[in-house]
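Summary of structural features
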Amino acid sequence: MRGMLAVNDVSGLQQKLEEIRYKPPAGMRRVPWIETLAIVAAPVAETGEKDGEDGDANSEEKRKASLPGASQDLAREKYFIAMTTEAARTGLTRLRQLRLKFSRPPDFLAEMLKSDTHMARVREKLAAEKDQLEEFEEKKRKKMNKKFQRLSGHKLVREQEEARKRNAELRDIAAWKKEREQNAKQRRGANGYQDPESAFDAWVKKKDQATLQEERAQRQLRRKRARGELESEREGGGKKRQRRRWGKKQK
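Residues numbered from 1 in each chain as written. Predicted model: local features only at pLDDT ≥ 70, side-chain atom pairs only at ≥ 80, totals over all residues. Heavy atoms only, no water.

Per an unreviewed UniProt entry, the chain is named Putative rRNA-processing protein EBP2, and its organism is Toxoplasma gondii TgCATBr9. In its Subcellular location (unreviewed entry) section, UniProt records this for the chain: "Nucleus, Nucleolus". In its Sequence similarities (unreviewed entry) section, the UniProt record describing the chain reads: "Belongs to the EBP2 family." (UniProt positions renumbered as here; feature names shortened; annotations may be inferred.)

Now the structure itself:
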C-alpha cells in the first residue's frame, strides 16, 4: 500500500516466533505430533514428484523456477491444491501408523448449530416466499388468459350457438320419431292397420314359419319312408326263412 514502508525485520520476526512457539512438555525434547497435527509438505512439481527427492543440487533453483508467477492465478490455485492434497495424505498415513481413528462413526450425530425454533421460522419464511411466488404466477397467468379470451370470445360464442342449434335439431328429430311410433301403434290398435315396414316384417315372419313347417313335414316323411323300407325288409327276410324251413321238412 502507498504510504507504508516495507521493513524486513528478521530479528523481530524470530523473536515473535520464539514467543508464540509451542514449547515441548517437561521431559520431552519436542512437542508430540498428535498435539499439533502440523505437517510441512514438500512442494509438488507438475510431474507429481516431490522436489528434492532426486538429491540434485539444482533442485532449489528448479523449484523456484517452477513456482507460478503473481499473474498466474489458475496455476497458483493448482499448486495450492497439490500441496494440500499431499499434506492430507501424509497426515492420514501418520494417523494410521499411530492407530488412531479419524473417520466419522456411522452412529455419530452432530449437534445442530441452530435450534428447532429457528429452523421452523426459516421453513415458514421459505413457505411464505413460495406461496407469494405462486400467487404472482397465478395472477400473471390469469391476466394473459383474459387477454387471449377477448380475441377468442367471438369464436367460442359461435361454436356454442352452433352446438345449441344442433342439439335442438336432434331433439326435434327424436320427438318426431317418437310421435310417429305412437301414431302407428294407435292405428294398429284401432282398425288393425299396419304400416308397410311392419307388414313386410310380418310377411317375412310368416314365410319363415311356413318354410320351417314344410321342412319339418319333409323330414317326417323321409323318416316314415325309411321305417317302411326297414319293415318290408324284415318281412321279406322272415318269409325267406319260412320257405327254407318248409323245404328242409319236405326233404
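Here we look at the overall build of the chain
Within the chain one finds six helices and zero strands. In the chain, which comprises 251 residues, the share counted as buried stands at 6%. In the chain, once contacts between residues fewer than 6 apart in sequence are set aside, the share between residues at least 24 apart is 37%. On the chain, roughly 24700 Å² of surface is accessible, and the fraction owed to carbon and sulfur atoms is 53%. (Helix = DSSP H or I, 4+ residues; strand = E, 2+ residues; numbered from the N terminus. Buried < 20%, exposed > 50% of the residue type's maximum accessible area, 1.4 Å probe, protein only. Contact = heavy atoms within 4.5 Å. Areas by Shrake-Rupley, 256 points an atom, 1.4 Å probe, with all protein chains shown as cover.)

A word on unusual backbone geometry
You will see that Leu-37, though not glycine, has its phi angle at about 55°, which is positive. Among the structural elements, Leu-37 can be located in the loop between helix H2 (33-36) and helix H3 (59-66).

Focus on the pattern of salt bridges
Counted by the stated rule, this structure contains five salt bridges. Ionic pairing is found between Arg-21 and Glu-18, a salt bridge with its closest N-O pair at 3.4 Å. For Arg-21, a relative accessible area of 43% translates into the label partly exposed. One salt bridge connects Lys-139 with Glu-135, and the closest N-O pair in it is separated by 3.8 Å. (Salt bridge = Lys/Arg side-chain N within 4 Å of Asp/Glu carboxyl O.)

Points about a positive patch on the surface
A cluster of basic residues, Arg-216, Arg-219, Arg-222, Arg-223, Lys-224 and Arg-227, forms a positive patch on the protein surface. Within the element layout of this structure, Lys-224 appears in helix H6 (residues 196-250). (Patch = residues over 30% accessible without salt bridge, like charges linked within 9 Å, V, L, I, M, F, W, Y side chains within 5 Å. Lys, Arg positive; Asp, Glu negative; His and termini not counted. Charge placed at Lys NZ, Arg CZ, Asp CG, Glu CD.)

Some details on helix H4 (residues 73-97)
Over its 25 residues, H4 runs 37 Å from end to end, which matches the ideal 36 Å to within 8%, given 1.5 Å per residue. Among all positions in H4, only Tyr-79, Glu-86, Ala-87, Gly-91 and Leu-95 are buried. Buried positions along H4 lie against H2. Following H4 by one or two positions, Arg-99 adopts a phi angle in the positive range, close to 60°. (Expected span 1.5 Å × (residues − 1).)

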